[in-house]
Amino acid sequence: MTASANGSRHGSAGVNVGVTETVGTGLNPPPAGITASTSRRMRTIRWALVGGGVLLLAWGAFVMFDLVRLTRIPGVALWIAAAILLHDAILAPIVFALGIGLRRAGRRVSGTVIAIVQGGIVVGSIVSLIAVPTIVAKNFAPANATVLPLNYGLNLGIFWIVLAALTVGLSAWAVMRERRGSGVRLQDDSER
Amino acid sequence: MRRLMYEAQRALASPVRNPRMATVIGRLLGAAFLICFGTGLYSHFLQEPLDWMRFATRPEFLYQVTQGTHIIAGIACFPLLLAKLHIVFPGLFAYPPVRGFWNFLERASIALFVGASLVQITIGLLNTYQWYPWPFPFRQVHFALGWVLIGLLVIHIGVKLPTITRYWNKASKASGDDDIDGGHRADHHLVDAVSGDRGENDEAARLRGTTRPGGLTGRALHYIDSTPRAASRLSRRGFLTTVGVATTAVVGLTAGQTFTPLNAVNLFGPRKKGVGQQGVPVNRTSKQAKVADAAMNSAWTLTVAVAGAERSFTRAELLALPQTDVTLPIACVEGWSQMAFWRGVRLRDLADLMSADPETSFRLISLEERGSFSKTQMGREYVRDPLTLVALELNGETLDLEHGYPARMIAPGRPGVLQTKWLSRIEAIES
Ligand code: HEM
């Protein structure tokens, strides 16, 4: 299918499998502009994928009920529901608020620097996400001294210091580049 | 409600939240899921082989690589999954929330996909820290969720296929990517449409006609609106770079637990090369297995049973048999591995001594009485392999109690849980 054949880029619901796009807002590609034969092929492939996926999913559900005692299954469901909530209702709003805060705080700062600082915070947070549980778990006295043998708190501290230094260094470099005028390309559409 | 949902989508609009990004990150995440699933299944069937299954014994570090890859790709899922969720987050506020039966199923499947993915990678990671704060058995649930997730992934690809094919290539004009097309920047209009108030979006136009929410909501929205918007190309580049750096960081700073070249920067791996008795990390201890007394008892013997005949070997008798040196890794299901030098008696030699049929598989029994791996099976491909030993020494010393003294199995390409420690009995499985 070709993208250029799509005159309108808004909103029309995809009818192929009776489902619609959920990514983005109002930019869903309409199914228009594709020839009948490619559309039939696409339809077949999509139905095959959906059908195969449903079989795999059903097998997974069977395996779950086969291997896990019935009394344990609500616990699995609870964890799945809690994970969705934790992400959608807590993590994502925090990220959103931080993004707003950063952009407001950085009104006078070049877009490149904001992007670098934002990147630094995200990288540090994601590394912390996998590192902090090691610190917590180590407190529960692991089964033996070879499990979680490192000083993870210290390592995380060192990591943040190095990351902060790199972020500052990169930002300074970006500012200098812009001052010299070669940063124009990176800046392009930031002043709108 | 409708307006609120619309305003939420508008407030959340960002240059990185577009279908091209969803495709770019999605295919990386999909690849990581498939790698995890493939290597996970391999690990599963090594531990629970179906009758007809035979496994490769070379390269001897095969399992180290497959399970190391499982954990590496699994850890890479953290930044990739979060990035993917960040991109598609406005989709949560679609209005109307459900547009019919198929749409309901699709949204339900996405919800399950998101939740199950988050749970799968979280319990996987915490399991490698030997921290189990969940109310269900890890292995069984992780295995079942593996199938569930692959099913949901395939469904998801089927549902989104038109979008995926359309935005697969960078060149695609409406992709919101950076290609310059006759001086006209193709990405502008896309971003305008997203940010709502500048596009010709019907929905936007219609909603602009209506009054915007007042009160607190209105003020919050105004506050968000008055925040400077990020530059679109810069945002996308920054986003992709950030995801790349974050993935490199989480992988690079943990993979040293299995991948020697990264040992020096192993800051956050749950295991460290060379840390442990005789330079090898330990998983199950003699204390957990409650074997210390039986293992240190001077009356210990290893019994080999084949076709009704039995023979018991003292440790001295085993040491008197021809000894073989091998270099083989201990490779744990938890993803760490450690190369080591082992010396002991070839299992094949013991089997031949008892005139066992070369086609027979063996059962390995530990002094440990309870524990899921106190009795395990070994297929004939491992029994006949010249590298498979009843090991008596490790790294030039008598095997430490924590490594399975008086004698343990070591075979190429098997997970650590099957390298039975504190051996007590080896028997041919007569078919
Ligand atoms: C979507 C991603 C994942 C899929 C599809 C997946 C799938 C699997 C499967 C099918 C197994 C075999 C289970 C069995 O032996 O019955 C397995 C084992 C395992 N996985 Fe994953 N996995 C994923 C992510 C992860 C992550 C992120 C981690 C940790 C960082 C992880 C850690 C483990 C561990 C430690 C085992 C060994 C379990 C054992 O044998 O005791 N997995 N995985």
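About the criteria used
- Residues numbered from 1 in each chain as written.
- Chains lettered and ligands numbered in written order.
- Predicted model: local features only at pLDDT ≥ 70, side-chain atom pairs only at ≥ 80, totals over all residues.
- Heavy atoms only, no water.
- Helix = DSSP H or I, 4+ residues; strand = E, 2+ residues; numbered from the N terminus.
- Buried < 20%, exposed > 50% of the residue type's maximum accessible area, 1.4 Å probe, protein only.
- Phe/Tyr/Trp six-rings, centres within 6.5 Å; stacked < 30°, edge-to-face > 60°.
- Lys NZ or Arg CZ within 6 Å of the ring centre and 35° of its normal.
- Contact = heavy atoms within 4.5 Å.
- Buried area = accessible area lost by both parts, 1.4 Å probe.
- Salt bridge = Lys/Arg side-chain N within 4 Å of Asp/Glu carboxyl O.
- Polar contact = N/O pair within 3.5 Å; in protein donor to acceptor, adjacent residues only side chain to side chain.
- pLDDT = per-residue confidence, 0-100.
- Expected span 1.5 Å × (residues − 1).
- Near = heavy atom within 4 Å.
- Nonpolar A, V, L, I, M, F, W, Y, C, P; charged D, E, K, R; others polar.
- Donors = N, O, S within 2.8 Å, 3.2 Å for Na, K, Ca; no water.
- Tetrahedral: all angles 85-135°; square planar, octahedral: opposite > 155°, others 65-115°.
- UniProt positions renumbered as here; feature names shortened; annotations may be inferred.
- Domains from an automatic or database assignment.
- Pairing = 2+ DSSP bridges.
- Bend = angle between axes of the 7 residues up to and from the residue.
- Core = buried A, V, L, I, M, F, W, Y, C linked by side-chain atoms within 4.5 Å.
- Axes fitted to C-alpha atoms, helices over the stretch in contact; angles between N-to-C directions.
- Parallel < 35°, antiparallel > 145°, perpendicular 65-115°, else oblique.
- Left-handed = near helix turned anticlockwise from the far one by under 90°.

Regarding the overall build of chain A
Here is step 1: Of regular secondary structure, chain A possesses five helices and zero strands.
Here is step 2: The order of α-helices and β-strands along chain A, N terminus first, is α-α-α-α-α.
Here is step 3: Residues classed as buried in chain A amount to 38% of the 192 residues present.

Brief notes about the packing of aromatic side chains
Here is step 1: By the definition in use, this model includes 16 aromatic pairs over all chains.
Here is step 2: Their ring planes at 85° and their centres at 6.0 Å tell us that Tyr132 of chain B and Trp134 of chain B sit as a pair that is edge-to-face.
Here is step 3: Pairing Trp134 of chain B with Phe136 of chain B gives two aromatic rings, centres 6.2 Å apart and planes at 20°, and the pair type is stacked.
Here is step 4: Here the aromatic residues Trp59 and Phe62 of chain A together with Phe37, Phe143 and Trp147 of chain B are joined through ring pairs into a cluster of three or more.
Here is step 5: The ring of Tyr223 of chain B is capped by Arg104 of chain A, whose NZ or CZ atom sits 3.8 Å from the centre of that ring.

Thoughts on the interface of chain B and chain A
Here is step 1: Each partner contributes residues to the interface: chain B has 105 residues there, and chain A has 85 residues.
Here is step 2: Taken over both partners, the interface formed by chain B and chain A buries close to 8,500 Å², and the fraction arising from carbon and sulfur atoms is 72%.
Here is step 3: When residues of chain B are sorted by the area they lose upon contact with chain A, Arg166, Leu234 and Phe268 of chain B head the list and together hold 8% of the total.
Here is step 4: The interface formed by chain B and chain A contains zero salt bridges.
Here is step 5: Taken together, chain B and chain A are joined by 15 residue pairs in polar contact (both at pLDDT 80 or more).
Here is step 6: Of all the elements in the fold, those that place two or more residues in the side of chain B that touches chain A are α1 (2–12), α2 (19–47), α3 (62–88), α4 (101–128), α5 (138–166), α6 (187–195), α8 (215–225) and α9 (232–252) of chain B.
Here is step 7: Here the side of chain B that touches chain A gets 21 residues from one element, more than from any other, and that element is α5 of chain B.

Here's the deal with the confidence of the model for chain B
Residues and elements named next belong to chain B.
Here is step 1: A residue-level look at chain B finds 90% of positions with pLDDT of 70 or above and a mean pLDDT of 90.
Here is step 2: Counting interchain partners and residues more than four positions distant, the pLDDT-below-50 stretch residues 173–202 has 62 contacts.
Here is step 3: This complex was scored by the predictor with a pTM of 0.88 and an ipTM of 0.89.

Let's talk about α2 of chain B
Residues and elements named next belong to chain B.
Here is step 1: Between its terminal C-alpha atoms α2 stretches 41 Å, which fits the 42 Å expected from 29 residues at 1.5 Å a residue.
Here is step 2: In terms of burial, α2 is a largely internal element, 21 of the 29 residues being buried.
Here is step 3: Of the residues that open α2, the one with a side-chain oxygen 3.0 Å from the backbone nitrogen of Arg20 is Asn18.

A closer look at the site of the ligand
Residues and elements named next belong to chain B.
Here is step 1: Near the ligand you find 25 residues, and of these Gly40, His44, His70, Gly124 and His142 are the closest.
Here is step 2: A distance of 3.1 Å separates an oxygen atom of the ligand from a polar side-chain atom of Arg139.
Here is step 3: If you list the elements that add at least two residues to the shell around the ligand, you get α2, α3, α4 and α5.
Here is step 4: Top contributing element to the shell around the ligand by residue count: α2, with seven residues.
Here is step 5: Class assignment for the residues of the shell around the ligand results in 12 nonpolar, 11 polar and two charged.

Concerning the coordination of the iron atom of the ligand
Residues and elements named next belong to chain B.
Here is step 1: Distances from the iron atom of the ligand to its protein donors, His70 (NE2) and His142 (NE2), fall at 2.0 Å.
Here is step 2: Coordination geometry of the iron atom of the ligand: the six donor atoms subtend angles of 83 to 179° at the metal centre, consistent with an arrangement described as octahedral. Taken as a pair, His70 in helix α3 and His142 in helix α5 lie far apart in primary sequence, 72 residues in all. Of the two residues, His70 and His142, neither departs from the other in class, the shared state being buried.

Let's talk about the UniProt feature "domain: Cytochrome b561 bacterial/Ni-hydrogenase" (unreviewed entry) in chain B
Here is step 1: According to UniProt, the "domain: Cytochrome b561 bacterial/Ni-hydrogenase" (unreviewed entry) feature falls on residues 29–158 of chain B.
Here is step 2: Helix makes up 73% of residues 29–158 of chain B and strand 0%, whereas the separation of the span's terminal C-alpha atoms amounts to 16 Å.

Section: the side chain of Thr242 of chain B
Here is step 1: Looking at where Thr242 of chain B falls in the secondary structure, it is placed in helix α9.
Here is step 2: Ignoring anything within four residues of it in the chain, the contact list for Thr242 of chain B reads Gly119, Val122 and Val123 of chain A.

Considerations on the side chain of Gln64 of chain B
Here is step 1: Residue placement: Gln64 of chain B occurs in helix α3.
Here is step 2: Given a relative accessible area of 17%, Gln64 of chain B falls into the buried group.

Remarks on the domain arrangement of chain B
Residue and element names in this part refer to chain B.
Here is step 1: Segmentation of chain B into domains returns domain 1 (2–252) and domain 2 (279–429).
Here is step 2: In this complex, domain 1 contributes 20 residues to the contact, which on the side of domain 2 involves 23 residues.
Here is step 3: Looking at the side of domain 1 facing domain 2, the largest losses of area belong to Arg54, Glu60 and Tyr63, adding up to 30% of the total buried there.
Here is step 4: Between Arg58 and Asp385 there is a salt bridge, and its shortest N-O distance comes to 2.8 Å.
Here is step 5: Put simply, the parts of the chain that give the side of domain 1 that touches domain 2 at least two residues each are α2, α3 and α4.
Here is step 6: The dominant element in the side of domain 1 that touches domain 2, judged by the number of residues it contributes, is α3, at five residues.
Here is step 7: Each residue belonging to the side of domain 1 that touches domain 2 can be placed in one class, and the counts come to seven nonpolar, nine polar and four charged.

Things to note about the UniProt feature "transmembrane region" (unreviewed entry) in chain B
All names here are of chain B.
Here is step 1: The residues that UniProt annotates with the feature "transmembrane region" (unreviewed entry) are residues 21–45, 71–96, 108–129 and 141–159.
Here is step 2: End C-alpha to end C-alpha, residues 21–45 measures 36 Å, and it is 100% helix and 0% strand.
Here is step 3: The straight-line gap between the two end C-alpha atoms of residues 71–96 is 40 Å; of that span, 69% is helix and 0% is strand.

So, the pairing of strand β9 (residues 389–394) of chain B
Residues and elements named next belong to chain B.
Here is step 1: Buried residues dominate β9, accounting for five of its six residues.
Here is step 2: As defined by bridge partners, β9 adjoins strand β11 (residues 408–410) across three bridges and the pair is classed as antiparallel. What sits directly across from Leu389, in β11, is Ile410.
Here is step 3: In this antiparallel pair of consecutive strands, β9 and strand β10 (residues 397–398), the connection spans two residues, and Asn395 shows a positive phi of 45°.

Re α5 of chain B
Counting along an α-helix, one turn takes 3.6 residues, and residues three or four places apart therefore face a common direction.
Residue and element names in this part refer to chain B.
Here is step 1: Between its first and last C-alpha atoms α5 spans 39 Å; for 29 residues at 1.5 Å apiece the expected length is 42 Å, and the two agree.
Here is step 2: At Lys160, α5 shows its largest bend, some 70°, and a proline, Pro162, comes one to four positions later.
Here is step 3: Among the 29 residues of α5, 25 are classified as buried, and the element is accordingly described as predominantly covered.

As for the nonpolar core
Residues and elements named next belong to chain B.
Here is step 1: Val390 and Ile426 are the most contacted members of the largest nonpolar core, which totals 110 residues.
Here is step 2: Non-local contacts of Ile426, meaning those with residues more than four positions away in its chain, are made with Leu302, Thr303, Val304, Ala305, Leu347, Phe362, Arg363, Leu364, Val390 and Met409.
Here is step 3: Counting 14 residues, the second-largest nonpolar core is a separate cluster that includes Ile330, Ala391, Leu394 and Leu399.

Section: the packing of helix α3 (residues 111–139) of chain A against α3 of chain B
Here is step 1: Running from N to C, α3 of chain A and α3 of chain B point in directions that differ by 130°, and their axes come no closer than 10 Å. Classified by the interaxial angle, the pair formed by α3 of chain A and α3 of chain B is oblique. For the element pair α3 of chain A and α3 of chain B, the recorded crossing hand is right-handed. Contacts from Ile126, Leu129 and Ile130 of chain A in α3 of chain A reach Phe78, Pro79 and Leu82 of chain B in α3 of chain B.
Here is step 2: When grouped by side-chain class, the residues that make up the contact of α3 of chain A with α3 of chain B number six nonpolar, no polar and no charged.

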